[in-house]
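Structural characterization, general
Take a look at the letters that make up each chain.
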Amino acid sequence: VTPSDAESVALRARVDHLLARGPTKANGATLQGDVTRLAQACAETPRGLIMVGPHLPAEAPLALLRLAEITGFPLLCEATSQLRWLANSAPKACLIDGFDWLLRSQRLREALRPDLILSFGGTPTSGAYERLLNDGFNGRRFVVSAHGFPDPHGLANELVSSGSADAAEATLAWLEAAELCDTSARAAFARAWSDANDLAWRVMEREIGRTTAVLSEPRAIRAVLEPLPEGCWLVLGNSLPIREVDAYVARGTRRVRVLSQRGANGIDGLISGAAGAASTTDEPTLLLLGDVSFSHDLGGLAAARACRGAFVIVVIDNGGGRIFEQLPVFRQFEGRPDAERFWLTPQGLELAHAAQLFGYRYARLSNVFEVTTGVRQAIATHGVSILHVIVEGSSARETEQRVRSELERAAELEA
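What counts, and at which threshold
- Residues numbered from 1 in each chain as written.
- Predicted model: local features only at pLDDT ≥ 70, side-chain atom pairs only at ≥ 80, totals over all residues.
- Heavy atoms only, no water.
- Patch = residues over 30% accessible without salt bridge, like charges linked within 9 Å, V, L, I, M, F, W, Y side chains within 5 Å.
- Areas by Shrake-Rupley, 256 points an atom, 1.4 Å probe, with all protein chains shown as cover.
- Salt bridge = Lys/Arg side-chain N within 4 Å of Asp/Glu carboxyl O.
- Helix = DSSP H or I, 4+ residues; strand = E, 2+ residues; numbered from the N terminus.
- Polar contact = N/O pair within 3.5 Å; in protein donor to acceptor, adjacent residues only side chain to side chain.
- Contact = heavy atoms within 4.5 Å.
- Phe/Tyr/Trp six-rings, centres within 6.5 Å; stacked < 30°, edge-to-face > 60°.
- Lys NZ or Arg CZ within 6 Å of the ring centre and 35° of its normal.
- Buried < 20%, exposed > 50% of the residue type's maximum accessible area, 1.4 Å probe, protein only.
- Pairing = 2+ DSSP bridges.
- Axes fitted to C-alpha atoms, helices over the stretch in contact; angles between N-to-C directions.
- Parallel < 35°, antiparallel > 145°, perpendicular 65-115°, else oblique.
- Left-handed = near helix turned anticlockwise from the far one by under 90°.
- Nonpolar A, V, L, I, M, F, W, Y, C, P; charged D, E, K, R; others polar.

Right, let's talk about a nonpolar patch on the surface for a bit. A cluster of nonpolar residues, L11, V15 and L19, forms a patch on the protein surface that exposes about 300 Å² of accessible area. Structurally, the position occupied by L19 is in helix α1 (residues 6–21).

Below, the structure is given as structure tokens:
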């Protein structure tokens, strides 16, 4: 049967493309053979990207920075990749920390589209990166993973069964004896990504600098992370916080270890997991999560008694479930206050009582100075602190809309 409507034609084309590409190759016999193909692709392809997701082992970041420097490929690093706060370790590498904003723009996705992607670490959080893969990406893609299969959509050409550091170092050894093609095109591609990244952060800085009557979520996130000291452990809640750190906080020079967990539904067990991590170190640990996630693991506050150093729980209270405001479902409920309780799920809890129950310190904070000062004091104080940060409910959605709109206009002017 020959399809006639546009949707059927598009579906048929997509199926034909997948059939022609074939399934992901997962040999796993020897690292040498896998790395040879990966390294050859790096040498032959000037428009390449290195994408780094969560859960990298401690030895991997420096090897990946070196790989980015040698290949000239832009390195897209999520906050959970451990690369966002190691920027000065490889100044010649092209680190891209605003990529999620860039890939939300169809104009910029087209302009910055690679022909090769190397993926390291766990499955990336970024929905915009997923959009790049699904939006007609026809290049080659290698996924490097020691275990599991961090490619839930099955879009990779090849799975390299290896640790990130081992694969990166083996690839570097191969490339040192090879000649990379078209160095001028590599430099131009990296420069395009770097310029676009700078543009995204200029737009974000203007947004952060907006004067508002109440504390916005972006400014609150910035204020929480600004006082973190060298060596601090940062645990990110999986709903909005992990995405907001990527969106609002550029890379820095302090070494901060970032931990994250998804749980069964993205919001459960976050206090318990962070408390478990905090119980293994004398360094301060800060957990950043939302009000819904906090209420889903109140029992985890009991586990926090085992913490060895400062354990700071920062609860961003935006009235519950605000991540759904950035999803298509929002359009179905917009302007219907009678239905808000079903999709916003506001908690309406008095967090001070939870702190009092366990004998923990508590503070309710509602402006940038209070947040920065509160975090700094809590990080320096042994024991558990609960910092309840009140933000304007819809500020994350409104920020997203303004930044995307301004970035589109700026990209059009610079095109």
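This is not the end of the story, as more comes after the structure.
For the rest of this paragraph, the subject is the side chain of Q82. Structurally, Q82 can be placed in the loop between β2 (75–77) and β3 (95–96). From its side chain, Q82 meets the backbone oxygen of T80 in a polar contact 3.2 Å long. Of the polar contacts made by the side chain of Q82, one reaches the backbone oxygen of V258; its length is 2.6 Å. Once you skip the residues sitting within four places of it in the chain, Q82 turns out to touch L56, P61, V256, R257 and V258.

Here we take up the packing of aromatic side chains. What describes a pair of aromatic rings is the distance from one ring centre to the other and the angle between the planes of the rings. As enumerated under the stated definition, the model contains one aromatic pair in all. Over the ring of W101 we find R104, and its NZ or CZ is 4.2 Å from the ring centre.

Here strand β4 (residues 116–120) lies mainly inside the structure; five of its five residues are buried. Side-chain alternation along β4 places L116, L118 and F120 on one buried face and I117 and S119 on a second face that is also buried. In the sheet, strand β1 (residues 48–52) pairs with β4 via five bridges, with the strands oriented parallel. Looking across to β4, one finds that G48 is bridged to L116. Bridge count for β4 against strand β5 (residues 140–145) is five bridges, and the pairing is parallel. Following the sheet pairing, F120 is matched in β5 by V144.

It is at 10 Å that the axes of helix α8 (residues 183–208) and helix α18 (residues 395–414) come closest, and there the two elements cross at 135 degrees. In terms of axis orientation, α8 runs oblique to α18. For the element pair α8 and α18, the recorded crossing hand is right-handed. From α8, L199, A200, R202, V203, M204, R206 and E207 reach across to α18, where they touch T399, R402, V403, E406, L407, A410, A411 and E414. Classifying every residue of the contact of α8 with α18 gives eight nonpolar, one polar and six charged.

In short, shape yes, function no, at least from these values alone.
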